[in-house]
Amino acid sequence: MPKEVDGKIFYTREEAEAAGMKFPTTEEDARDLAILEKFAADLRAARPAPEGVMPAGFGGRFSDDLEGTEWEGWTYFKGQWFDPQGNLADDEKGPGNA
């Protein structure tokens, strides 16, 4: 019998097959594992990106949380917020205190 945990239903493999759910074939599993192994090998072989450089494959919403907001250009350094012109912001101002 399926088991419900936190609003999600879990089936045994036999129950899932009886319900008509499909599973990947052995060949599909092997192909996916090979892709994952190649990715892991590439990741292990990669060197760290130079300071201030975003690694390839990252960017957009992963590079700057403030981009596209009213706080774009602001920086945080040693516990202080600085506006886009480099001026120290008041304690009450800045993205961290919005």
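A short tour of the structure in this document, coming up. Starting from 1, residues in each chain are numbered consecutively following that chain's sequence as written. Thresholds applied to this predicted model are a pLDDT of at least 70 for local features of residues and 80 or more for the giving and counting of side-chain atom pairs; totals over whole chains, interfaces and linings are not thresholded and use all residues. Values reported for side chains reflect all heavy atoms of the structure, with hydrogen atoms and water molecules removed beforehand.

### Re the overall build of the protein
Under the convention used in this document: Helix numbers and strand numbers start at the N terminus; a helix is a DSSP run of H or I with at least 4 residues, a strand a run of E with at least 2. The rule is simple: take the accessible area with a 1.4 Å probe, protein chains only, and divide by the maximum for that residue type; under 20% is buried, over 50% is exposed, in between is partly exposed. Contact criterion: two residues are considered in contact whenever any of their non-hydrogen atoms come within 4.5 Å of each other. Surface accessibility follows the Shrake-Rupley procedure with a 1.4 Å probe radius. Residue values consider only the protein chains on display as shielding.
Within the protein, the secondary structure is distributed over 2 helices and 4 strands. Expressed as a percentage of its 98 residues, the buried residues of the protein come to 10%. For the protein, the share of sequence-separated contacts (at least 6 apart) that also reach a separation of at least 24 residues comes to 7%. Carbon and sulfur atoms provide 56% of the accessible area of the protein, an area that totals close to 8,800 Å².

### Section: the packing of aromatic side chains
Using the following cut-off: Only the six-membered ring of Trp is used, alongside the rings of Phe and Tyr, when aromatic pairs are assigned; centres must lie within 6.5 Å, and planes under 30 degrees apart are stacked while those over 60 apart are edge-to-face, with the rest tilted. Each ring is checked for a lysine NZ or an arginine CZ that lies within 6 Å of its centre and within 35 degrees of its normal; such an atom marks a charge sitting over the ring.
In total, this model carries 1 aromatic pair according to the counting rule given. With centroids separated by 4.8 Å and ring planes inclined at 55 degrees, the aromatic side chains of Tyr76 and Trp81 adopt a geometry described as tilted. Overall, Trp81 belongs to the buried group, its relative accessible area being 17%. Stacked on the ring of Phe23, the Lys or Arg Arg13 has its end atom at 4.0 Å from the ring centre.

### A few points about the side chain of Glu15
Here is the rule we go by: The charge count includes Lys and Arg as positive and Asp and Glu as negative, but it does not include His or the ends of the chains. We define a salt bridge as a contact between a side-chain nitrogen of Lys or Arg and a carboxyl oxygen of Asp or Glu at a distance within 4 Å.
Note that Glu15 resides in helix H1 (residues 13-18). Comment: no salt bridge for buried Glu15; closest opposite-charge side chain is Lys3, at 11 Å. Not counting residues within four places of it along the chain, the set of residues in contact with Glu15 comprises Met1, Pro2 and Phe10.

### Describing the pattern of salt bridges
Overall, the coordinates contain 3 salt bridges when judged by the stated rule. Among the ionic pairs, Arg31 bridges to Asp32, the shortest N-O distance being 2.7 Å. A residue is classified by how much of its surface remains accessible, and Asp32, at 37% relative accessible area, is partly exposed.

### Some words on a nonpolar patch on the surface
This is how the line gets drawn: Patch membership requires more than 30% relative accessible area and the absence of a salt bridge. Residues of like charge join within 9 Å; the nonpolar side chains Val, Leu, Ile, Met, Phe, Trp and Tyr join within 5 Å.
The grouping of Ile9, Tyr11, Met21 and Phe23 at the surface amounts to a nonpolar patch, some 370 Å² of accessible area in total. Overall, Tyr11 belongs to the partly exposed group, its relative accessible area being 38%.

### Section: the environment of Ala16
In this structure, Ala16 sits in helix H1. Judged by relative accessible area, which is 4%, Ala16 ranks as buried. The spacing of Ala16 and Pro2 is 14 residues in sequence and 8.9 Å in space, taken between C-alpha atoms. Not counting chain neighbours up to four residues away, the residues in contact with Ala16 comprise Tyr11, Met21 and Phe23.

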